[in-house]
Amino acid sequence: MNKTKKILFTSIGIFFFLGLLNLGINLWVETKLPKLINNENNTDYNIVYEDIDLSIWNSKITAYNIQISPKESLKNSEKKIGLFASIDIIEVNKFDIWSILFGKKIKANNLVISKPSVILYKNNVNAINNYSSINSKVFKPFEKIIIVSNLVINKGNFKILNIRDNIEIIKANNINFKLEGIVLNEKTLTEKIPLSFHNYSFFCDYIHYNVNAFYEIKGEEIKITKEGFNIKNFKLTPKYSRKEFVKKLPKEKDIYTILADDISINKMVWGFKDERLYFKSNTVILDKVAANIYRGKMPTDDLSKKELYNNLLRNLKTDIKVDSLLIKNSYLTYEEEKTFEKGSGKLYFSNFNLTAENIESGYKKSNLPDVKIRVNCNFMKKSPLKVDWSFNVLDKTEGFKIAGSVKKFNTEELEDFTKPYMNIKIKGELETVNFNFAGNDLINKGKFSIKYDNLKVEIYQNDKRLNKNKFLSTIGNLFVKNDSDDEIKTTEIEVERNQEKSFYNFLWISIADGLKQILL
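Residues numbered from 1 in each chain as written. Predicted model: local features only at pLDDT ≥ 70, side-chain atom pairs only at ≥ 80, totals over all residues. Heavy atoms only, no water.

Q: Any chance you could explain unusual backbone geometry here in plain terms?
A: What is expected of a backbone is that most residues other than glycine have negative phi and most peptide bonds are trans. Here lysine 155, not a glycine, exhibits a phi torsion of approximately 55 degrees, which is positive. Relative to the elements of secondary structure, lysine 155 occurs in strand E6 (residues 146-162). The exposure class assigned to lysine 155 is exposed, which follows from its relative accessible area of 52%. At asparagine 233, a position not held by glycine, the phi torsion is positive, near 50 degrees. Here asparagine 233 shows up in strand E10 (residues 228-238). (Helix = DSSP H or I, 4+ residues; strand = E, 2+ residues; numbered from the N terminus. Buried < 20%, exposed > 50% of the residue type's maximum accessible area, 1.4 Å probe, protein only.)

What follows is the structure, given as structure tokens:
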């Protein structure tokens, strides 16, 4: 046999041997793989599929029409606790063949999950806060089956349902998610974030979250990456009408409705350290916010102490740091109502722009810069209002400084607030109002000045709000100095704080004290 034939027969033999070896390995893997997924699956979940393709040469496993459900549900179809999933296609790329042949886990580089529809059934509403439950129900079972470095989810839908009250706790549609550099093991599973990773991206068309018994959040076009966060058409809304909401309140409390066209968080860093959440961001931007704060005075007064913002941030058990907070092109309405029959008094702040710097919690901090807040807006839709406000989070006296001015204010614009709420209507113009106060948890002091022209008071009857009380209106106007004679009148104020009331009440009674001293 010549040399050429030897090489030819040797090559054919090697090729034939490799073919037989590949066929044998394929048969072995195809036999072993279902055992890994089902027979040797010592998790609480049953996994079935319609078909599976295996390519040793490409190191690729593709499964079709996968169904995942708790094994307990097979015994009792009415018992729905845990995770149920229906998935069009799962691809396992670059898998380690030896982990399948001789191990009890599939190890691979990439796991691609296409069009999953996932529902996690819970028997309570603590689905988001109870991280240990999520870890045990979602992450830990699948760590026993497959280990991958990268995870991709395409066009997924996800829900968490509370079966006890039949409440949809959270819902997210059309999720596209990528997680790179995954480490998932027994150690990471004990952490609040059950795995570590190098990079991630999350996109979602729509999200709905039941915050608690009173509020829900909705949003669109959610984008989260390692660098930042963005959400469009954000909505925080009450679940009930005002009358229903107020009836459910044991004590007086504000009701919030907050809508925002766009919320962005830039250069975001977050995680857990020593079981505590930390969150840091260069800039948080809220654009075109429409916020309504409503307080019904019908429930019992809440007589607990209202802490000032120094205290609230100082005692926050979370490490938070936001270098700059911007609220742009926004609109704020405050409403207060004594009875539903009379209607609410309203204060409007339009074209509202706020910049806040150095927002930081006091958690484990010994030195912090002052929080500085600047507001520019139109008060009651027309009058320019400017405010500069600062305080230090670590100041245990709760010290603050606040200065501001209002220009060209027609007092009749206050009718929406004073008439339904106080039965008073004021006529005339405040050409300029200035205040510069320094206060703390106990007292507020400072200067108040005003220039005004032709002020008059109309007082209305308590039982017939549309009818003017002519006698009281006449008496009131006798005591009001209706003109500042083209001069800016200035006075010193000193007001004690009612600690059962908010910071904004403290500011209001300080301004009211200045008005009373100058006008009466």
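Q: Is there a simple way to think about the pattern of salt bridges in this case?
A: For side chains of opposite charge, pairing can occur when their charged atoms come near one another. Evaluated as defined, the whole model comprises 19 salt bridges. Note that arginine 314 and glutamate 398 form a salt bridge whose closest N and O atoms lie 2.7 Å from each other. One end of the pair, arginine 314, is in helix H6 (residues 309-314); the other, glutamate 398, is in the loop between strand E17 (383-391) and strand E18 (400-410), and 84 residues separate them in sequence. According to the relative accessible area criterion, glutamate 398 is buried, its value standing at 4%. Two residues, glutamate 357 and arginine 374, come together in a salt bridge whose shortest N-O distance is 3.2 Å. Here arginine 374 lies in strand E16 (residues 371-379) and glutamate 357 lies in strand E15 (residues 345-360), a separation of 17 residues in the sequence. Taken together, the shared-partner salt bridges connect Glu252, Asp254, Arg295 and Lys297 into one network. (Salt bridge = Lys/Arg side-chain N within 4 Å of Asp/Glu carboxyl O.)

Q: Looking at this model, I keep getting lost on the nonpolar core. Mind explaining?
A: One broad trend across soluble globular proteins is that nonpolar side chains are buried collectively. Judged by nonpolar contacts, the single largest core of 91 residues is most densely connected at Ile402 and Phe448. The dominant element in this core, judged by the number of residues it contributes, is E15, at seven residues. Other than its neighbours up to four places away in sequence, isoleucine 402 contacts Val387, Asp388, Trp389, Phe435, Asn436, Phe437, Phe503 and Leu507. (Core = buried A, V, L, I, M, F, W, Y, C linked by side-chain atoms within 4.5 Å. Contact = heavy atoms within 4.5 Å.)

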